[in-house]
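Fold and contact review
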Amino acid sequence: MTTAQTQELDVQPTPLALLLLGREADPRSERGVECPGDLPSPSDPDLVERARTAKAKLGDKVFVLGHHYQRDEVIQFADVTGDSFKLARDAAARPEAEYIVFCGVHFMAESADILTSDDQKVVLPDLAAGCSMADMATAEQVAECWDVLTEAGIAEQVVPVSYMNSSADIKAFTGKHGGTICTSSNAQRALEWAFEQGEPATTKVLFLPDQHLGRNTAVRDMGMTLEDCVLYNPHKPNGGLTADQLRAAKMILWRGHCSVHGRFSLDSVNDVRERIPGVNVLVHPECKNEVVAAADHVGSTEYIIKALEAAPAGSKWAVGTELNLVRRLANRFAPEGKEIVFLDKTVCFCSTMNRIDLPHLVWALESLAEGNLVNRIEVDKETEAFAKLALERMLALP
C-alpha cells in the first residue's frame, strides 16, 4: 500500500500489516485472544465430521448463526444465514437454545447478547474477529464529539443514528441520547424518523460510524446535497470542523468506513463496464458516493441476494460486496446462466470475518459439547439497557 493510499483510507502503515490470516494479530488494531485449548489442524481431514458430531451431541442446546460473509466451510454448519441484525433477531426467537454460536464478528455477537435472554450464552469462535469499521468509533471519541457539539450550541438539535455495524458502547450512547439504530436496509426510514424528532429546519443527525452509508442515504435517497454533509474526524481537534460548519450541516458524518466496501472505486465500475458489455453493476451502500452514483443498483446484502435471485437467465452482474458472498452467489446461479463477477479485479475478503474458520468452529463446538463454555460475549447490564432502547426504537419504525 502506498503512502497516498494510506492517507486516502485514513490509516497508518504498519510493519505488521501483512500477517498470515489467523496465525497472528496486530495488538494495536485487533481484539486478539489466546484460545484456552488447542485448535485442530487446518489440514485435519476429520474436521467436517468432528463439527457434525459435536453439533449433533449438543442438539437443540446450540443454535449456529452464519453471516453471509463467512467462508463456505463454516456456513455449511449454520442453522440460519443472514445479515447481522436478522441473525440477532433469529437468535432471540430461539429461547430454547442455551448456546448461540455466532459465526460473524464481535459487534454482531454483542447485538445477539443484547437481544437474547439472560439464560442464553453467546459464543464467538474467535475473539479476534472484530470489525475495522466498528472500531473506528470508540465510546471516548464519541463522548468527546458530543462535547464539541455542545460547545457549538447544537447538541440539543442533534439526533444520533448509529449503523448496526457498531459496538454495544456506541449503540448505548445512541439510546441514551434519544437516537436509533439502522441497518443498510432501513437507513432512510431511520433518518426520516430522526429528522421528525425536532424542528425540520434545525434538526441534525450525527451518523455513526460509516460515513458512506450516511452520505449515500442522505444524498441519493433523501435529496440532500453533499454540501449538507460534513465529515467529523475524531483524530483532529473539534473533528476538523468549525462551529459554523457544524451549525450549517444537516448530516454530521463520522469518519469511518468498511475496509472491504471502501476499496471499490469509480475506476472499478468503468473497467468492468468496458470488460463486460451489458453488465449490471450492483453495489452495497457502504461503497463510496461516486461508486454508488455510477452503479445500476444499490442495496443491502439481502437486497443483493434477492436482486440476483430475480435476475433473468443470461444476465451479467458485477457485484461490489464481500468476496465470499459474491463467489457463493456466482456458483449458486451459474446453472441458471447468470454471470456474476466481483466488481474489483483485486481479490478482497473481509479478513476479520475470515478469522472464523473451521478449526475455530470445531474447537468451540467440541468445547461446548464437553461442558466447557468458551469465548462468551457478554454485554454489561447498563450498556445493554441503553443499547436495547436504541434497537427497540429501530424495531418500532414503520
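The structure this text deals with has already been given above.
The following refers to the structure shown. (Residues numbered from 1 in each chain as written. Predicted model: local features only at pLDDT ≥ 70, side-chain atom pairs only at ≥ 80, totals over all residues. Heavy atoms only, no water.)

Turning to helix 4 (residues 84-92), a few remarks are in order. Residues spaced three or four apart along an α-helix point in a common direction, a consequence of the helix completing one turn every 3.6 residues. Looking only at helix 4, the buried set comprises Ser-84, Phe-85, Leu-87, Ala-88 and Ala-91. Down the axis of helix 4, the smallest arc covering the buried residues is 160 degrees, so these residues share one side. Of the surrounding secondary structure, the elements contacted by the buried residues of helix 4 are strand 1 (62-67), strand 2 (80-82), strand 3 (99-103), helix 5 (106-115) and helix 16 (381-395). (Buried < 20%, exposed > 50% of the residue type's maximum accessible area, 1.4 Å probe, protein only. Helix = DSSP H or I, 4+ residues; strand = E, 2+ residues; numbered from the N terminus. Arc of directions from axis to C-beta. Contact = heavy atoms within 4.5 Å.)

Position of Lys-338 among the secondary structure elements: in the loop between helix 14 (323-333) and strand 13 (339-342). Looking at Lys-338, its side chain comes within polar contact range of the main-chain oxygen of Glu-309, at 3.2 Å. Within polar-contact distance, the side chain of Lys-338 engages the backbone oxygen of Ala-311 at 3.0 Å. Lys-338 has contacts with Leu-308, Glu-309, Ala-311, Pro-312, Ala-313, Gly-314, Ser-315 and Phe-333, leaving out every residue within four places of it along the chain. (Polar contact = N/O pair within 3.5 Å; in protein donor to acceptor, adjacent residues only side chain to side chain.)

With the rule as written, the count across this model stands at 21 salt bridges. Residue Arg-94 pairs with Glu-96 through a salt bridge whose shortest N-O separation is 2.6 Å. The class for Arg-94 is partly exposed, based on a relative accessible area of 25%. In this structure, Arg-376 engages Glu-378 in a salt bridge whose closest nitrogen and oxygen atoms are separated by 3.7 Å. Shared partners join several salt bridges into a network, and the residues in it are Lys-61, Glu-98 and Lys-121. (Salt bridge = Lys/Arg side-chain N within 4 Å of Asp/Glu carboxyl O.)

With that out of the way, let us pick up empty space enclosed by the protein. With the rule as written, the count across this model stands at two cavities of 30 Å³ or more. Approximately 330 Å³ is the volume found for the largest cavity. As for the largest cavity, its lining consists of 29 residues, and the residues nearest its centre are His-67, Tyr-69, Met-108, Asn-165 and Glu-286. When residues of the lining of the largest cavity are traced back to their parent elements, those giving at least two are helix 4 and helix 5. Classifying every residue of the lining of the largest cavity by side-chain character gives 13 nonpolar, 13 polar and three charged. (1 Å grid on protein atoms, 1.4 Å probe; cavity = no way out; pocket = protein on both sides within 12 Å on 5 of 7 lines; lining within 4 Å. Points joined across faces, edges and corners; volume = space filled by probe spheres on them. Nonpolar A, V, L, I, M, F, W, Y, C, P; charged D, E, K, R; others polar.)

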